[in-house]
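Residues per chain are reported as follows:
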Amino acid sequence: MKQLEKIEHLNEFISTLENEDEIGFYLGICDFFDFRKLGKLFELNELISTYRDCIEILKSNGQDFWKTIVFIRNIIENKKYNDVQKYNFYLLLHIFFEYLLFDNIKKDAAKYIDWIEDQLNAVHPIATAYYLDFDISNLIDSICKRPLKEQINILVARKSEYLLALDNCQIPKNNFDIRCEQQINLIKEQLAIANLNPLVSESDNPQTNIDEVETSLPETARPTLTMPKLAGTDEYGDVHFAAERTGFSVSHIRLLARKGLIPRHKPTKTGAYRFYASELDEWKNNGMKNFQTGNDSSLIGKQRRKK
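What you are looking at is a predicted structure, and each value in this text was computed from that prediction instead of being measured.

1. Quick look at the overall build of the chain
If you tally the helices and strands in the chain, you get 13 helices and two strands. Counting only residues that meet the buried cut, the chain has 46% of its 307 residues in that class. Taking as baseline every contact in the chain between residues at least 6 positions apart, the subset at least 24 positions apart corresponds to 69%. Only carbon and sulfur atoms are counted for the fraction: they give 51% of the accessible area of the chain, which is about 16700 Å².

2. Digging into the packing of aromatic side chains
Within the structure shown, the criterion is met by 20 aromatic pairs. Between Phe 42 and Tyr 81, the ring centres sit 5.4 Å apart and the planes meet at 85 degrees, which makes this aromatic pair edge-to-face. Placement of the pair is Phe 42 in the loop between helix H2 (20–35) and helix H3 (44–61) and Tyr 81 in the loop between helix H4 (65–78) and helix H5 (83–95), with a sequence separation of 39 residues. Exposure remark for Phe 42: the relative accessible area of 8% places this residue in the buried category. Look at Tyr 81 and you get buried, because its relative accessible area is 11%. Between the aromatic rings of Phe 89 and Tyr 90, the centroid separation amounts to 5.4 Å while the plane-to-plane angle is 85 degrees, which identifies the pairing as edge-to-face. By relative accessible area, which is 0% here, Phe 89 ends up buried. The aromatic ring of Phe 13 is capped on one face by Arg 52, whose charged end is 3.8 Å from the ring centroid. In this structure, Lys 284 is placed above the aromatic ring of Phe 248, and the distance from its NZ or CZ to the ring centre is 6.0 Å.

3. Regarding the packing of H3 against H4
Their axes nearest at 10 Å, the elements H3 and H4 cross at an angle of 165 degrees. If you check the angle between H3 and H4, you find them roughly antiparallel. You can see that H3 and H4 cross each other, and the crossing is right-handed. The segment H3 lies against H4, with Thr 50, Asp 53, Cys 54, Ile 57, Leu 58 and Asn 61 engaging Lys 67, Thr 68, Phe 71, Ile 72, Ile 75 and Ile 76. Within the contact of H3 with H4, the residues separate by chemical class into seven nonpolar, three polar and two charged.

4. Some points on the nonpolar core
Judged by nonpolar contacts, the single largest core of 69 residues is most densely connected at Phe 25, Tyr 26, Tyr 51, Phe 89 and Leu 93. Tallying contributions element by element places helix H6 (residues 109–133) first for this core, with 10 residues. The contacts of Tyr 26, once residues within four sequence positions are left out, are Phe 13, Ile 14, Leu 17, Ile 48, Tyr 51, Arg 52 and Ile 55. Core analysis: the second largest hydrophobic core is formed by 13 residues, Phe 241, Ala 242, Leu 256 and Tyr 273 among them.

5. Re the pattern of salt bridges
The final tally for this structure, using the stated rule, is 13 salt bridges. A salt bridge links Lys 86 to Glu 77; the shortest N-O distance between them is 3.1 Å. By relative accessible area, which is 13% here, Lys 86 ends up buried. Judged by its relative accessible area of 41%, Glu 77 is partly exposed. Among the salt bridges present, the one from Asp 114 reaches Arg 258, with a minimum N-O distance of 2.6 Å. One end of the pair, Asp 114, is in helix H6; the other, Arg 258, is in helix H12 (residues 250–259), and 144 residues separate them in sequence. Several salt bridges converge on common partners, so that one network encompasses Asp 114, Glu 117, Arg 254 and Arg 258.

Definitions and cut-offs
All chains use their own residue numbering, which begins from 1 and follows the written sequence. With pLDDT at 70 or above as the cut-off, local features in this predicted model cover only qualifying residues; side-chain atom pairs require 80 or more to be listed or tallied, and sums for whole chains, interfaces and linings still use all residues. To get the side-chain values, take all heavy atoms of the structure and skip hydrogens and water. Starting at the N terminus, helices and strands are each numbered in turn, a helix being any DSSP run of H or I of at least four residues and a strand any DSSP run of E of at least two. Burial classification: accessible surface area is computed with a 1.4 Å probe over protein chains only, and a residue below 20% of its type maximum counts as buried, one above 50% as exposed, and the rest as partly exposed. Every residue pair with non-hydrogen atoms within 4.5 Å of one another is taken to be in contact. We get accessible surface area from the Shrake-Rupley algorithm with a probe of 1.4 Å; when it comes to residues, only the shown protein chains can shield them. Only Phe, Tyr and Trp rings are paired, with Trp represented by its six-membered ring, and only when their centres lie within 6.5 Å; those with planes under 30 degrees apart are stacked, over 60 edge-to-face, the remainder tilted. Ring-over charges, as used throughout, are those where CZ of Arg or NZ of Lys falls within 6 Å of the ring centre and within 35 degrees of the ring normal. Here the axes come from fitting lines to C-alpha atoms, over the contacting stretch only for helices, and the angles between their N-to-C directions go from 0 to 180 degrees. The labels follow the angle: roughly parallel below 35 degrees, roughly antiparallel above 145, roughly perpendicular from 65 to 115, and oblique for the rest. Crossing chirality is assigned from the near helix's rotation relative to the far helix, an anticlockwise turn below a right angle marking it left-handed and a clockwise turn marking it right-handed. Only Asp, Glu, Lys and Arg are considered charged in this grouping, and only Ala, Val, Leu, Ile, Met, Phe, Trp, Tyr, Cys and Pro are considered nonpolar; every other residue, Gly among them, is considered polar. Only buried residues count toward a nonpolar core, which is a set of Ala, Val, Leu, Ile, Met, Phe, Trp, Tyr and Cys residues joined through side-chain atoms within 4.5 Å. Within this document, salt bridges are pairs made up of a side-chain nitrogen of Lys or Arg and a carboxyl oxygen of Asp or Glu, the two lying within 4 Å of each other.

Structure follows, in structure tokens:
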């Protein structure tokens, strides 16, 4: 099926839906598919088809929580998604799950959300490696002030780690090894220039390196890494971190977070709530009230539009 036919087929499917929330769910998935550049991991129509199967299960069996999650998990396993695909599938399901609160599952909505977060946590280590640990921009930023020869050693070591992770952890390829090799070659060129010109220090590291690597790679070899980085160094964590910090149980923290009664941010790189230590401390010091949450614009997520 050609790309235009696929788009028309998808548009035709969405136009047949009558439930506005369900339409909003699919439109949100399509929007985020482009925003997160998931084309390297999924074919859009295939991904929509998987969500359709899951939504049909929710509609027909959603009142039976345990049966429903077994059916949904079987659908995902039959697709043979790798861990990064599972991560993105459950992340988008978590972000837009509010659209799927059909009457037969409303009583178990919290249980469904907790289950989705558990699925995200299970694949989070591999997703982190794919999006953050093996992101050449992150690596270059962290080593750019070190001597050039040391940078080469680090790049060689991280390239080896990446190649091992491909085999041991089934991390999808993102061309991190190619980017490392490109950066190593650029640094070697700098060292050669430094040897010819004593006025050029070995520690000099022009900021053009990253751009040079980017433009020197062929279009098909350039990886697309979409995980955002949060600014600031404030200590943070998940619901377990918040429970330990405040003394409340994990279930109570989740309840407070859903009701907006505790400072929290969502969704994060795992699709779960993120809590900052300074905000939690201030919240407790103020008698667990009168707090303002920060701007979540730098986080992955999209709040449902109020009607």
